[in-house]
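# A closer look at the structure
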Amino acid sequence: QVQLVESGGGLVQAGGSLRLSCAASGSIFSINSMGWYRQAPGKERELVAHITNGGTTQYGDSVLGRFTISRDNAKSTVYLQMNSLKPEDTAVYYCAADAAWPPKRTMEAWDYWGQGTQVTVSL
């Protein structure tokens, strides 16, 4: 089993920045891909970004150019640098990890999930 613990969420003004972290523990050798999903009230869960062990990244269209995902394999941690934040970025951000290779195409099917961290962007 793998445990994922997110940190770094909070309240920020529009145009500001936040950095989320997700630390994995447990059977981390089984992890291939890690990433972030978000869910706003009344909306479906949305891909933010994910990154493979080799560093290949994929971003959701709404965050492309503003958010950057990175990974420190030695620390089993994935980061999400969020810049130029907008009120529509307000959501609960969930960290996820997948043992499959290649990663499952539908992130909802990934193997492990964190509890989520709230990000609120005010005007």
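All values derive from a computational prediction rather than experimental measurement.

Across all of its chains, the model carries five salt bridges by this definition. Among the salt bridges present, the one from Asp 98 reaches Lys 104, with a minimum N-O distance of 2.5 Å. Assessed through its relative accessible area of 0%, Asp 98 is described here as buried. The partner of Lys 104 in a salt bridge is Asp 111, and the shortest N-O contact between them spans 3.1 Å. Residue classification places Lys 104 among the partly exposed positions, given a relative accessible area of 28%. Sharing partners across several salt bridges, the network here consists of Arg 38, Glu 46, Arg 66 and Asp 89.

Right, let's talk about the nonpolar core for a bit. By size, the foremost hydrophobic cluster in this structure holds 29 residues, and its most contacted members are Leu 4, Met 34, Trp 36, Leu 80, Met 82 and Tyr 93. Looking at this core, the elements with two or more residues in it are β1 (2-7), β3 (18-26), β4 (33-39), β5 (46-52), β7 (67-72), β8 (77-82), β9 (91-98) and β11 (117-122). Apart from the residues lying within four places of it in its own chain, the contact partners of Tyr 93 are Glu 6, Leu 20, Trp 36, Tyr 37, Arg 38, Val 48, Phe 67, Leu 80, Met 82, Gly 116, Thr 117 and Val 119.

According to the stated counting rule, one finds two aromatic pairs in the structure shown. Measuring from centroid to centroid gives 5.8 Å for Tyr 37 and Trp 113, while their planes differ by 65°, and the two rings are edge-to-face. With a gap of 76 residues between them, Tyr 37 in strand β4 and Trp 113 in strand β10 (residues 112-113) connect regions that are remote in the sequence. Under the relative-accessibility criterion, Tyr 37 is labelled buried at 6%. Note on Trp 113: relative accessible area 24%, which makes it partly exposed.

Take Asp 98: it is sitting in strand β9. Those residues in contact with Asp 98 that lie beyond four places of it in its chain are Ser 30, Ile 31, Asn 32, Ser 33, Pro 103, Lys 104, Trp 110 and Asp 111.

A few words on the state of the cysteines. Counted by the stated rule, this structure contains one disulfide. Put simply, Cys 22 and Cys 95 are joined by a disulfide, and their sulfur atoms are 2.0 Å apart. Between Cys 22 and Cys 95, the S-S torsion sits near -80°, and that sign places the bridge as left-handed. Linking Cys 22 in strand β3 with Cys 95 in strand β9, this pair joins segments that are 73 residues apart in sequence. Side by side, Cys 22 and Cys 95 carry an identical accessibility label, which is buried.

It is worth spelling out the sheet that holds β8 at this point. Overall, antiparallel pairing links the four strands, which are arranged β1-β3-β8-β7 in an open sheet. Of all strands in the sheet, those with a lone pairing partner are β1 and β7, marking the two edges. Taken pair by pair, the neighbouring strands of this sheet meet at an average axis angle of 15°, ignoring direction. With six bridges joining them, β1 and β3 adopt antiparallel strand pairing.

Each value, and the rule that gives it
- Residues numbered from 1 in each chain as written.
- Predicted model: local features only at pLDDT ≥ 70, side-chain atom pairs only at ≥ 80, totals over all residues.
- Heavy atoms only, no water.
- Salt bridge = Lys/Arg side-chain N within 4 Å of Asp/Glu carboxyl O.
- Buried < 20%, exposed > 50% of the residue type's maximum accessible area, 1.4 Å probe, protein only.
- Core = buried A, V, L, I, M, F, W, Y, C linked by side-chain atoms within 4.5 Å.
- Helix = DSSP H or I, 4+ residues; strand = E, 2+ residues; numbered from the N terminus.
- Contact = heavy atoms within 4.5 Å.
- Phe/Tyr/Trp six-rings, centres within 6.5 Å; stacked < 30°, edge-to-face > 60°.
- Disulfide = S-S within 2.5 Å.
- Pairing = 2+ DSSP bridges.
- Axes fitted to C-alpha atoms, helices over the stretch in contact; angles between N-to-C directions.

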